[in-house]
Amino acid sequence: MFKKILLVCAFVLPFGVEAQQKTNDDRAFWLQHLDKLAKPILHSLANDSLRIVMPKTMSKFIDNPNTRKEVAYLEAFGRLMCGISPWLNLEGGSPKEIALRNQYRNYALKAVANAVNPNAKDYMSFEKGGQPLVDASFLALAFVRCPWLWEHLDTQTKDQVVKAFLATRNVRAGFSNWILFSGMIETFFCKYGYPWDSMRIEYCFRQFEQWYVGDGVYSDGPPYHWDYYNSYVIHPYLANMVKELSPKTGAFNWTAEKIRVRNERFAVIQERLVNSDGSFPVTGRSIVYRGAAFHHLADIAWRKALPKELSPAQVRSALTAIIKKTTESPSTFTSDGWLTIGLYGSQPDLADVYITTGSLYLCANILLPLGLPETDEFWSSPATKWTSQKVWSGEAVLADHAIE
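The structure presented is a predicted model; accordingly, all values stated were derived computationally and were not measured.

What the protein chain contains, in helices and strands, is 15 helices and two strands. Taken over C-alpha atoms, the radius of gyration comes to 21 Å for the protein chain, in line with the 22 Å a tight globule of 404 residues would show. Dimensions of the protein chain, computed from C-alpha atoms along their principal axes, come out at roughly 80 × 45 × 45 Å. Going through the 404 residues of the protein chain one by one, you find that 56% of them count as buried. Considering only contacts in the protein chain between residues 6 or more positions apart, those separated by 24 or more positions represent 77%. Carbon together with sulfur atoms contributes 56% to the accessible area of the protein chain, which is approximately 17200 Å² in total.

Across all of its chains, the model carries 29 salt bridges by this definition. For Lys191, the salt bridge goes to Glu244, with nearest N and O atoms at 2.9 Å. Here Glu244 lies in helix H10 (residues 229-245) and Lys191 lies in helix H8 (residues 178-191), a separation of 53 residues in the sequence. Between Asp277 and Lys325 there is a salt bridge whose closest N-O contact spans 3.6 Å. Placement of Asp277 in the loop between helix H11 (253-273) and helix H12 (295-302) and of Lys325 in helix H13 (residues 312-327) is noted, with a sequence separation of 48 residues between them. Here the salt bridges share partners, and the residues they tie into one network are Asp215, Arg265, Arg272 and Asp400.

As a further point, take the packing of helix H3 (residues 65-89) against helix H4 (residues 95-116). One way to put it is that H3 packs onto H4 with a least axis distance of 11 Å and a crossing angle of 140 degrees. As summarised for this structure, H3 and H4 are arranged oblique, according to the angle between their axes. Between H3 and H4 lies a crossing of left-handed hand. Mapping the contact onto sequence places Phe77, Met81, Trp87, Leu88 and Asn89 in H3 and Glu97, Leu100, Arg101, Tyr104, Arg105, Ala108, Ala111, Val112 and Ala115 in H4. Looking at the contact of H3 with H4, its residues break down into 10 nonpolar, one polar and three charged.

Another point: the packing of aromatic side chains. Summed over the entire model, instances satisfying the criterion amount to 34 aromatic pairs. Ring centres of Phe143 and Phe188 lie 5.9 Å apart, and the angle between their planes is 45 degrees; on these two criteria the pair is classed as tilted. Taken together, the positions of Phe143 in helix H5 (residues 131-145) and Phe188 in helix H8 put the pair 45 residues apart, joining distant regions of the chain. Their ring planes at 65 degrees and their centres at 6.1 Å tell us that Trp178 and Phe181 sit as a pair that is edge-to-face.

The subject of this paragraph is unusual backbone geometry. Positive phi, normally seen in glycine, also occurs at Asp48, with a value near 60 degrees. Mapped onto the fold, Asp48 is located in the loop between helix H1 (2-46) and helix H2 (50-53). When its relative accessible area of 18% is taken as the criterion, Asp48 is described as buried. We note that Lys304 has phi near 55 degrees; this positive angle belongs to a residue other than glycine. Assignment of secondary structure puts Lys304 in the loop between H12 and H13.

Basis of the calculations
- Residues numbered from 1 in each chain as written.
- Predicted model: local features only at pLDDT ≥ 70, side-chain atom pairs only at ≥ 80, totals over all residues.
- Heavy atoms only, no water.
- Helix = DSSP H or I, 4+ residues; strand = E, 2+ residues; numbered from the N terminus.
- Rg over C-alpha atoms; globule rule 2.2 N^0.38 Å.
- Buried < 20%, exposed > 50% of the residue type's maximum accessible area, 1.4 Å probe, protein only.
- Contact = heavy atoms within 4.5 Å.
- Areas by Shrake-Rupley, 256 points an atom, 1.4 Å probe, with all protein chains shown as cover.
- Salt bridge = Lys/Arg side-chain N within 4 Å of Asp/Glu carboxyl O.
- Axes fitted to C-alpha atoms, helices over the stretch in contact; angles between N-to-C directions.
- Parallel < 35°, antiparallel > 145°, perpendicular 65-115°, else oblique.
- Left-handed = near helix turned anticlockwise from the far one by under 90°.
- Nonpolar A, V, L, I, M, F, W, Y, C, P; charged D, E, K, R; others polar.
- Phe/Tyr/Trp six-rings, centres within 6.5 Å; stacked < 30°, edge-to-face > 60°.

So, in structure tokens, the structure goes:
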């Protein structure tokens, strides 16, 4: 009997150790990916040299090359910061992770200062054309997600950020997800005690209520089209706006529960879109944003608001597979570390007319759960199969059901 017990232990213990090692490896892999994405942008911007070193690559179908080239720097900066901001806000972790975070906090503070300082070489335009509204809002969301960053800026830089954001009020937002960009900037003003325009936020909630088409999905403007904008922008923006505004005012409580229910349902849909190898359907515009197609799933996991159907471990495993799949091609990065245009490596024909090198860094938003400590169950639970893996390996899976 004693020998049998030893035999069982010999098989059980290594499996537990291996599962825990896999869990630790996932976070290490995510941090490595964060470092690879962030360093070219933040190191350069912190040293006031982003315009010198960042590639000027644009879509071969570009609609307005001169303007697109000018706004590409704010695109890269705002989108990257939006994705890594929860991690910058986190405290603790391993000595190696703390050192890495401290390095990037230092970069980020200097980068923000240069981006809004008219005397800096890397000063960014927040008022030429419409695109600055988009990426100013991603930067505003970064500040919303990372109070540490805002609180550690000096007074002059804060004033310059506010001035830059105010300038975007002159942009007439398109009748689409763009109205949320205005709403997020007003949410930033509200969060940090500046005068804010409640009507711009009310407009967002009222209009997207009209654009709700059912089963957790919104139309992005009057004509419905199947793409990933429910995840790139719509769900994360609505959820984070309600999250921040609710403690300040009860004016938007009428929509909070609707947003929560739809948010959860769309998370279930997103998780089921992840194929067993980490790939996902290639449909709709902006597909070269790579892992940003799952911005919503990453955001709801970071906010610890996952529906009961999804365990944190299966979401982590699915997101890890997506990151690996969208970066495994040798042509994903240039020789000097910048993202190339494509979904699986360099695929320039996939680019829409507005795509530049800067646009691609929206993919950083898949990294949001790094804002959860390594002790959180998202990271500490053993790796778990996600729905597609379970189904296509013959395991029992509950049927999927729509909501109203």
